[in-house]
Amino acid sequence: MKTAFLLSLLCLLCSICRGQELEPRAYAALPKNLNSLAFVYGLTKGNVLTDPSLPIKDMKANVNSLTLGYVHTFGLANKLARVQIVLPYMMLSGKLKLNGVDTSITRNGFGDARLRLGINLTGSPPLDKKDFVRYTQKTIIGVSLVTSIPIGYYDQDKRINPGSNRWGFKPEIGISKRFKRVYAEMYSGVWFYTANTKYLVTKTQIQKPVFNIQGHASYYFKRQMWISINANWFNGGQTLVDGAEQGNLLDNWRIGATWSFPIAKGHSLKLQFHVGAFTESGYDYNAASLAYQWVF
């Protein structure tokens, strides 16, 4: 589709939850030397930021987030590559039971930045814009490395924070296949985390790897509008605090949908929502977002 790339970048730009993304078109064919800025407002309700190490029950929180994202594509070794950076600001308020005691919380601050470096190994040559309009995608196989950079606000005395005070790394492989107006995609990756040595000031928190698979089916209409159905499964992530087992993320499923539509040449809006289809522990929340994107 000649101009579909103007909308594909928007899917790359943001996710609220730490490591449980739903990102359609992450390995989409795009022209090289393309830039995109996105501004995203997100609203998340439920058990949003807790992890299995926290002695928290019945958490009901609202998170309003404002996120800035940037993507740049370029040629590397005669292949299409891209770099993406995302920086969120979060405003959290809610109620929970902490060690059996009803507690209210309020947190405002920047979350951890997310940097993604990816390259399409096959099926996506690094074409200029004028050549790209004659290109038709078939099958793309790509790889990427996502890095969570711990620059977010972190209070050592608090169990819940916008930042995590640890690095995260996710190597990932993805495949994208076009069937006329339908694009089918599947990615698989594993999150690895460094230790948080300042958990509750003096404790050390360690989380084992989290395995993740996500799938997407996107349908493109005329005039650059498209919709997609998204699904995500993640497992693992056993958490230890000072060597003591605290919990595990088991068989967590999320499903969602995305609608992207143009508002002017080079400008578009995207609506997205996703919900917890099945949650064994943690991350039981509903999320919706509205994003504006400028491609240049």
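Keep in mind the model is a prediction, meaning the values are calculated, not measured. (Residues numbered from 1 in each chain as written. Predicted model: local features only at pLDDT ≥ 70, side-chain atom pairs only at ≥ 80, totals over all residues. Heavy atoms only, no water.)

Colleague: Can you lay out the overall build of the protein chain for me, pointing to particular residues and giving the numbers?
Modeller: Counting its secondary structure elements, the protein chain contains two helices and 15 strands. Expressed as a percentage of its 296 residues, the buried residues of the protein chain come to 51%. A separation of at least 24 residues holds for 66% of the contacts in the protein chain among residues at least 6 apart in sequence. With the model as given, the accessible surface of the protein chain reaches about 13200 Å², and the carbon-plus-sulfur share is 62%. (Helix = DSSP H or I, 4+ residues; strand = E, 2+ residues; numbered from the N terminus. Buried < 20%, exposed > 50% of the residue type's maximum accessible area, 1.4 Å probe, protein only. Contact = heavy atoms within 4.5 Å. Areas by Shrake-Rupley, 256 points an atom, 1.4 Å probe, with all protein chains shown as cover.)

Colleague: Hey, could you go over the nonpolar core for me, with residue numbers and the actual values?
Modeller: Ranked by size, the top nonpolar core spans 11 residues in total: Val48, Met59, Ala61, Val63, Met90, Leu92, Leu96, Ile105, Ile160, Tyr285 and Ala287. Of all the secondary-structure elements, those providing two or more residues to this core are strand E2 (56-76), strand E3 (79-98) and strand E15 (285-295). Counting seven residues, the second-largest nonpolar core is a separate cluster that includes Tyr27, Phe132, Ile140 and Tyr187. (Core = buried A, V, L, I, M, F, W, Y, C linked by side-chain atoms within 4.5 Å.)

Colleague: An account of the pairing of strand E11 (residues 210-220) is requested, with residue identities and associated values reported.
Modeller: For strand E8 (residues 182-193) and E11, the ladder comprises 10 bridges, and the chain directions are antiparallel. Paired with Tyr183 across the strands is Ser218, a residue of E11. Sheet topology note: the E11/strand E12 (residues 226-241) ladder contains 11 bridges and is antiparallel. Looking across to E12, one finds that Tyr220 is bridged to Trp226. Linking E11 to E12, which pair antiparallel, is a turn of five residues; within it Arg223 sits at a positive phi near 60°. (Pairing = 2+ DSSP bridges.)

Colleague: Tell me about the packing of aromatic side chains, and please be specific about residues and values.
Modeller: How two aromatic rings sit relative to each other is given by the distance of their centres and the angle of their planes. In this structure the tally under the stated criterion is 13 aromatic pairs. Ring geometry for Phe39 versus Tyr292: centroids 6.4 Å apart, planes at 15°, classification stacked. Of this pair, Phe39 sits in strand E1 (residues 35-46) while Tyr292 sits in strand E15, placing them 253 residues apart in sequence. Under the relative-accessibility criterion, Phe39 is labelled partly exposed at 44%. Classification of Tyr292 by relative accessible area gives partly exposed; the value is 26%. Ring geometry for Trp191 against Tyr193: centres 5.8 Å apart, planes inclined by 5°, an arrangement best described as stacked. On the accessibility criterion, Trp191 (1% relative accessible area) is buried. (Phe/Tyr/Trp six-rings, centres within 6.5 Å; stacked < 30°, edge-to-face > 60°.)

Purely spatial values, then, with no claim about function.
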